[in-house]
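# Secondary and tertiary structure notes
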Amino acid sequence: MRDAEFFRRWMAAAAAAVEREADRLTELDSPIGDADHGSNLLRGFTAVVREQEAERPEQPGAVLQLAGRTLISTVGGASGPLYGTLLRRAGKELGTAAEVTDEQVREALYAGVGAVAKLGGAAPGDKTMLDSLVPGVSGLATSYRAAAEAAENGALATVPMQARKGRASYLGERSIGHQDPGATSSALLLAALADVVDAADVDVADASDVADASDASGVTEEES
Ligand code: ADP
Ligand code: MG
């Protein structure tokens, strides 16, 4: 089960990844955009971490809804409302439960991606964040790591595409040959999620090792 702290760790890991890759995201947004994707997301996710620490919502759904609202209110570019909608919609799907299953996480993110497609009017193949998000959430049916890998492959696959949505579409054929910045940042978000899951699951495995060890010592004590 995943609690509010898990989702807060995801947002913190996403913020760290955005900080690490901000220059690259902005560079990708230079030839086919206005060179602000890295700084947009850095501003947004820095605010997300700050707001989470200030409010510390107690439910997974509330964590994601607050993160979504924060992105919408702090990011001026197209990516702010789009990522904000992804997280708000996913948070709404998770409702008010204190803990949620991985299946609920998958369904929530699936709904979130659907809301992004509706808001932006884009579909896979248009050279946007959806080229990473759609295969990414499909990969969640296998595992969080499979989702991250599918998203990364989806981002790489935007290189030969011609943009049909967003600023890059103004360039027409000249948008071909460049990786989409939003698809790239989407892959970072799903990689951050997989990393947080790995860390959480290692903790669970450690805890069960401790339980196994104490079971074993219990047996020894009874036998001796
Ligand atoms: P802006 O384009 O306003 O400068 P950003 O640079 O922060 O905003 O984000 C650009 C990214 O947003 C693009 O690389 C693309 O992935 C994504 N994007 C733009 N328009 C759309 C849309 N209609 N649907 C989905 N994603 C979009
Ligand atoms: Mg831009």
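Presented here is a report on the structure given in the accompanying data block. Residue indices follow the written sequence of each chain, beginning from 1 at its first position. To read the labels, note that chains go from A and ligands from 1, taken in the order they are written. Local features are withheld for residues below a pLDDT of 70 in this predicted model, meaning they are given only at 70 or higher, and side-chain atom pairs are given and counted only at 80 or more; totals for whole chains, interfaces and linings count all residues. Heavy atoms throughout the structure, all of them, feed into the side-chain values; hydrogens and water do not.

### Things to note about the overall build of the protein chain
- A count of helical and extended segments in the protein chain gives 8 helices and 2 strands.
- Put simply, DSSP marks the helices as runs of H or I at least four residues long and the strands as runs of E at least two long, and each gets a number from the N terminus on. Each helix (α) and strand (β) of the protein chain, taken in turn from the N terminus, gives the series β-α-α-α-α-β-α-α-α-α.
- Overall size of the protein chain, expressed as C-alpha extent along the three principal axes, is 80 × 35 × 30 Å.
- Considering only contacts in the protein chain between residues 6 or more positions apart, those separated by 24 or more positions represent 67%.
- Only the protein chains shown count as cover for residues, with accessible areas throughout obtained via the Shrake-Rupley method and a probe of 1.4 Å. Within the structure as shown, the protein chain displays about 10,500 Å² of accessible surface, and the carbon and sulfur contribution to it stands at 52%.
- All tallies of charge rest on Lys and Arg as positive and Asp and Glu as negative; His and the ends of each chain are not included. Here the site of a charge means NZ on Lys, CZ on Arg, CG on Asp, or CD on Glu. Once the 20 positive and 35 negative side-chain charges of the protein chain are each reduced to a mean point, those two points are 13 Å apart. Only heavy atoms enter the contact rule, under which two residues are in contact if any of them lie within 4.5 Å.

### So, the site of ligand 1
- The immediate surroundings of ligand 1 are formed by 20 residues, with His37, Asn40, Ala78, Ser79 and Asp180 found nearest.
- Each polar contact in these results corresponds to two N or O atoms within 3.5 Å; when the atoms are within protein, one needs to be able to donate a hydrogen and the other to accept it, and residues that are neighboring in sequence are counted only if both atoms are side-chain atoms. Residue aspartate 36 places a side-chain N or O atom 3.0 Å away from an oxygen atom belonging to ligand 1.
- At a separation of 2.6 Å, an oxygen atom of ligand 1 approaches a polar side-chain atom of serine 79.
- Within the residue set of the shell around ligand 1, elements represented by two or more residues are helix H2 (37–55), helix H4 (79–94) and helix H8 (181–223).
- The leading source of residues in the shell around ligand 1 is H8, at 3 residues.
- Looking at the shell around ligand 1, its residues break down into 6 nonpolar, 8 polar and 6 charged. Residues are counted as near a molecule or strand when any one of their heavy atoms sits within 4 Å of it. Nonpolar residues are Ala, Val, Leu, Ile, Met, Phe, Trp, Tyr, Cys and Pro. Charged residues are Asp, Glu, Lys and Arg, and all others, Gly as well, are polar.

### Focus on the coordination of the magnesium ion (ligand 2)
- Any nitrogen, oxygen or sulfur atom within 2.8 Å of a metal ion counts as a donor, with the limit raised to 3.2 Å for Na, K and Ca, and since water is left out, coordination shells can look unfinished. For the magnesium ion (ligand 2), the protein coordination sphere consists of Asp29 (OD), Asp34 (OD) and Asp36 (OD), at 2.0 to 2.2 Å.
- Taken in sequence order, the residues that donate to the magnesium ion (ligand 2) follow the motif D-x4-D-x1-D.
- Residue classification places aspartate 34 among the partly exposed positions, given a relative accessible area of 32%. Burial classification: accessible surface area is computed with a 1.4 Å probe over protein chains only, and a residue below 20% of its type maximum counts as buried, one above 50% as exposed, and the rest as partly exposed.

### Some remarks on the environment of glutamine 59
- Its location among the elements puts glutamine 59 in the loop between H2 and helix H3 (60–74).
- In this structure, the C-alpha to C-alpha distance between glutamine 59 and glutamate 99, residues 40 residues apart in sequence, is 7.1 Å.
- Setting aside anything within four residues of it in sequence, one finds glutamine 59 in contact with Ala4, Thr96, Ala97 and Ala98.

### Here's the deal with H2
- Here H2 is 19 residues long and its end C-alpha atoms lie 27 Å apart, about the 27 Å a rise of 1.5 Å per residue gives.
- Listed as buried for H2 are His37, Gly38, Asn40, Leu41, Gly44, Phe45, Ala47, Val48 and Gln52. Multiplying 1.5 Å by the residue count of a helix minus one yields the expected span of that helix.

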